[in-house]
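# Remarks on the overall topology
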Amino acid sequence: MPGNPLAAYLDAAVRGDAARPLLTFYDDATGERVELSVTTTANWVAKTASFLVDGLGREPGDAVAVLLPVHWQTAIAVLAGWAAGLEVRIGGDPAGADVVLAAEAQLARALDAGAEDVVGFSLSAFGAPLAAVPQGVVDYATEVLGHADRFATRDLPDPALVAGKRAYPGAELAASVAAGVRRWQLGPDDAVLTTLPYDTVHGLLAGLLAPLAAGARVVLCRHPDPQAVERRVGVERVTAAAGFDVTGIDVAGIDAGIDVRGMPGLE
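Below or above, wherever it landed, is the structure these notes cover. (Residues numbered from 1 in each chain as written. Predicted model: local features only at pLDDT ≥ 70, side-chain atom pairs only at ≥ 80, totals over all residues. Heavy atoms only, no water.)

Another aspect to go through is the sheet that holds strand 9 (residues 166-168). One open sheet accounts for seven strands, arranged 7-6-5-3-4-8-9; its pairing is mixed. Unpaired on one side and paired on the other, strand 7 (137-139) and strand 9 mark the two borders of the sheet. Averaged over all pairs of adjacent strands, the angle between strand axes in this sheet comes to 25°, irrespective of strand direction. Judged from the three bridges that link them, strand 6 (residues 117-121) and strand 7 form a sheet pairing that is parallel. Residue pairing across strands places Val119 opposite Val138, the latter belonging to strand 7. (Pairing = 2+ DSSP bridges. Helix = DSSP H or I, 4+ residues; strand = E, 2+ residues; numbered from the N terminus. Axes fitted to C-alpha atoms, helices over the stretch in contact; angles between N-to-C directions.)

This is the structure in structure tokens:
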């Protein structure tokens, strides 16, 4: 399809208040907290898209499978895949993908998929490389920083997303994003706390794309400690939550109830 409505969300954020926080990541198992501004997020997306295209030679329409857990780098990987004009695959078998982006614990599975390129993510809080780089694996932390902070976004492929065995055109996904913004009444003053992984359509919509399209902030939590998350609602001024029980907390719960073209997980 011509154009790239999914990249337009981040482009619009950059044209606005680019210094504002956009994505805040917590890992309650390690105590890690990482806050990315709009500008920093856009730079990471540009560097990663440039790495995929210039570093790995990926062409429009190539397929990138994402085997990454709840993490800020997962958001970057998905957005960069679309910026580079690639088909993003989540939540299924990575076999058949041209490139696989994988956490250290998933490298054996990624190598078994037979992709031309396998990229390993250490997910280190300090940007450290992989502890060991198996043969056939490229280290994301080592390679990505040398790439440009700007990238000329490509048109979306068709389909733009494959989730499990279902494929979604970019226009359909963009329509679902718009439906999510309306249903959940999201706006620039909102902060959405999510504990959902980005390996389902609902996880992507509720925890990344709809907040991004609405100009809202995302608070992403890995290994969530319920008590810590409850306190975080106040600290981060959270107004809506996905994947977390909001009973007794004064925030809106984001459910999976978007009725857009019968998308699985959204009925």
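Moving on to helix 8 (residues 226-235). Within the sequence span of helix 8, burial applies to Ala228, Val229, Arg232 and Val233. One face of helix 8 carries all of its buried residues, which in axial projection span an arc of 150°. Of the exposed residues in helix 8, the ones pointing more than 90 degrees away from its buried face are Gln227, Arg231 and Gly234. Looking at the buried side of helix 8, the elements it contacts are strand 1 (21-27), strand 10 (191-194) and strand 11 (217-222). One side-chain oxygen at the N-terminal end of helix 8 lies 3.0 Å from the backbone nitrogen of Gln227; it belongs to Asp225. Immediately beyond the C-terminal end of helix 8, within one or two residues, lies Arg237, with a positive phi of roughly 55°. (Buried < 20%, exposed > 50% of the residue type's maximum accessible area, 1.4 Å probe, protein only. Arc of directions from axis to C-beta. Contact = heavy atoms within 4.5 Å. Polar contact = N/O pair within 3.5 Å; in protein donor to acceptor, adjacent residues only side chain to side chain.)

Omega for the bond connecting Asp158 with Pro159 falls within 30 degrees of zero, at 5°, which places this linkage in the cis form. By the element assignment, Pro159 lies in the loop between helix 5 (140-144) and strand 8 (161-163). One non-glycine residue, Leu123, lies in positive phi territory at about 60°. Looking at Leu123, the relative accessible area reads 11%, which means it is buried. One non-glycine residue, His223, lies in the positive phi region at around 50°. By relative accessible area, His223 is classed as partly exposed at 45%.

A few words on the pattern of salt bridges. Within the structure shown, the criterion is met by 10 salt bridges. With a closest N to O distance of 3.9 Å, Arg222 and Asp27 form a salt bridge. Here the residue Arg222 occupies a position in strand 11, and Asp27 occupies one in strand 1, the gap between them amounting to 195 residues. Asp62 serves as the salt-bridge partner of Arg58, at 3.0 Å between the closest nitrogen and oxygen. It is possible to trace a salt-bridge network through shared partners that takes in Arg33, Glu35, Arg217 and Glu236. (Salt bridge = Lys/Arg side-chain N within 4 Å of Asp/Glu carboxyl O.)

Okay, the packing of aromatic side chains next. A ring pair, where both rings are aromatic, is described by two values, the distance of the centres and the angle of the planes. Tallied over the full model, the rule gives four aromatic pairs. With centroids separated by 6.3 Å and ring planes inclined at 70°, the aromatic side chains of Phe51 and Tyr140 adopt a geometry described as edge-to-face. In this pair, Phe51 sits in helix 2 (residues 38-55) while Tyr140 sits in helix 5, placing the two residues 89 residues apart along the sequence. Residue classification places Phe51 among the buried residues on the basis of a relative accessible area of 2%. Accessibility expressed as a relative area gives 2% for Tyr140, which makes it buried. Each ring, one from Phe121 and one from Tyr140, has its centre 4.0 Å from the other, and the planes form 15°; the classification is stacked. Here Phe121, found in strand 6, pairs with Tyr140, found in helix 5; they are 19 residues apart in sequence, far enough to count as distant. The residues Phe121 and Tyr140 share a single accessibility class, namely buried. Taken together, the ring pairs connect Trp44, Phe51, Trp72, Phe121 and Tyr140 into an aromatic cluster. (Phe/Tyr/Trp six-rings, centres within 6.5 Å; stacked < 30°, edge-to-face > 60°.)

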